Amino acid sequence: IALLRHSGKRGGPIALEHCALRTNRSQEKIRLWCGALVGNRAKVGDVIESAFRLPIQFLEDADAVLMDDPWKRPGPNQTYRKGVNLAEYWAQRLRAAVFTYHLRLADDFSKKQNSERGKKVQNHAATRYWTALEQAAEPVLLRDVAINSDKYWSNDKNWMAKSPWGGEVWKAAHDAYEFACPHSTPRQLRAYAAGLTALRREDRVRPAASGETAEDTDSTEGGEE
């Protein structure tokens, strides 16, 4: 929604472009309302709406071209998008890990059945994962990391994973995996280890936990796209 484009280009609403150009810089926030009418034929049955209070800085680099340039610090909007990309990347890893776990649990005769069950559990794990991140998106990703990108950005391509948002993503993915993959029996433990390997594959950096700085982390866990 917060993509700013001219009328001749693909992209978001012109109202936000106008807002970015005309809004007084002394004003700290803008209020963005999104809504829709839900109806059956000619009758309106319900109204769905959401309101967002966004820092005005969030619009400053919204029209910039997304480029993975480690030598250029992204602004708030671009930083937010990188945070969302990191969350989506770990969501894919979580699904692969849960699926691996259920495949390893099965023997040759029940592999198909367990594979189907694994797909259902994937959805439950994904719901838990995104629910946790939804709670942290505004205070951590938007208010902390995106608005203060100069505080967390570095030439390291894994800088987002080392930020507080990277820590929230890492924690949510592992919590969802623990929830979806019990490991109390020897067979479950073997399957759990296999799935955990899939979840942490090619990990090079562990994201910073709450209250921890990038310098406090090691290079054994975590990762970014």
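Residues numbered from 1 in each chain as written. Predicted model: local features only at pLDDT ≥ 70, side-chain atom pairs only at ≥ 80, totals over all residues. Heavy atoms only, no water.

### Side note on the packing of helix 2 (residues 76-105) against helix 7 (residues 186-199)
Helix packing for two helices is described by the angle between their axes and how far apart those axes are. Where helix 2 meets helix 7, the closest approach of the two axes is 8 Å, and the angle between their N-to-C directions is 155°. Viewed along their axes, helix 2 and helix 7 adopt a mutual orientation that is roughly antiparallel. Crossing of helix 2 over helix 7 shows right-handed handedness. The residues of helix 7 that touch helix 2, namely those facing Trp90, Arg93, Leu94, Ala96, Ala97, Thr100, Tyr101, Arg104 and Leu105, are Arg187, Gln188, Ala191, Tyr192, Ala194, Gly195, Ala198 and Leu199. Of the residues contributing to the contact of helix 2 with helix 7, the split by class is eleven nonpolar, three polar and three charged. (Axes fitted to C-alpha atoms, helices over the stretch in contact; angles between N-to-C directions. Helix = DSSP H or I, 4+ residues; strand = E, 2+ residues; numbered from the N terminus. Parallel < 35°, antiparallel > 145°, perpendicular 65-115°, else oblique. Left-handed = near helix turned anticlockwise from the far one by under 90°. Contact = heavy atoms within 4.5 Å. Nonpolar A, V, L, I, M, F, W, Y, C, P; charged D, E, K, R; others polar.)

### Some remarks on a nonpolar patch on the surface
Taken together, the side chains of Leu37, Val44 and Val47 make up a nonpolar region of the molecular surface, amounting to roughly 300 Å² of accessible area. The residue Val47 is located in strand 2 (residues 43-55) in this model. (Patch = residues over 30% accessible without salt bridge, like charges linked within 9 Å, V, L, I, M, F, W, Y side chains within 5 Å. Areas by Shrake-Rupley, 256 points an atom, 1.4 Å probe, with all protein chains shown as cover. Salt bridge = Lys/Arg side-chain N within 4 Å of Asp/Glu carboxyl O.)

### As for the packing of helix 2 against helix 6 (residues 164-180)
In the contact formed by helix 2 and helix 6, the axes pass within 10 Å of each other and the chain directions differ by 20°. Viewed along their axes, helix 2 and helix 6 adopt a mutual orientation that is roughly parallel. Relative to helix 6, helix 2 is oriented so that their crossing is right-handed. For the pair formed by helix 2 and helix 6, the contact residues are Gly83, Val84, Leu86, Ala87, Trp90, Leu94, Ala97, Val98, Tyr101 and His102 on the first element and Trp165, Gly166, Val169, Trp170, Ala173, His174, Ala176, Tyr177 and Ala180 on the second. Classifying every residue of the contact of helix 2 with helix 6 by side-chain character gives 15 nonpolar, four polar and no charged.

### Considerations on the pattern of salt bridges
Inspection of the entire model under this criterion finds four salt bridges. Note that Glu138 and Arg143 form a salt bridge whose closest N and O atoms lie 3.0 Å from each other. According to the relative accessible area criterion, Glu138 is partly exposed, its value standing at 46%. Classification of Arg143 by relative accessible area gives partly exposed; the value is 25%. For Asp156, the salt bridge is made with Lys162, and the minimal N-O distance between the two is 2.5 Å. Taking the relative accessible area as the measure of exposure, Asp156 reaches 26% and is therefore partly exposed. (Buried < 20%, exposed > 50% of the residue type's maximum accessible area, 1.4 Å probe, protein only.)

### Describing the pairing of strand 1 (residues 29-40)
Here strand 1 runs beside strand 2; their pairing, made up of twelve bridges, is antiparallel. Bridged to Lys29 within strand 2 is Pro55. From the end of strand 1 to the start of strand 2, which pair antiparallel, there are two residues, and Arg41 there has a positive phi angle of about 60°. (Pairing = 2+ DSSP bridges.)

### Regarding the nonpolar core
In summary, soluble globular proteins display a tendency toward joint burial of nonpolar side chains. In this structure, Trp90, Leu94, Val98, Tyr129, Trp165, Tyr177 and Leu199 are the most contacted members of the largest nonpolar core, which totals 36 residues. Those elements giving two or more residues to this core turn out to be helix 2, helix 3 (111-146), helix 5 (159-162), helix 6 and helix 7. With ten residues, the single largest contributor to this core is helix 2. In this structure Leu199 touches Trp90, Arg93, Leu94, Ala97, Ala173, His174 and Tyr177, once residues within four positions along its chain are discounted. Counting residues in each nonpolar core, the second largest holds seven residues, with Ile30, Leu32, Ile56 and Leu59 among its members. (Core = buried A, V, L, I, M, F, W, Y, C linked by side-chain atoms within 4.5 Å.)

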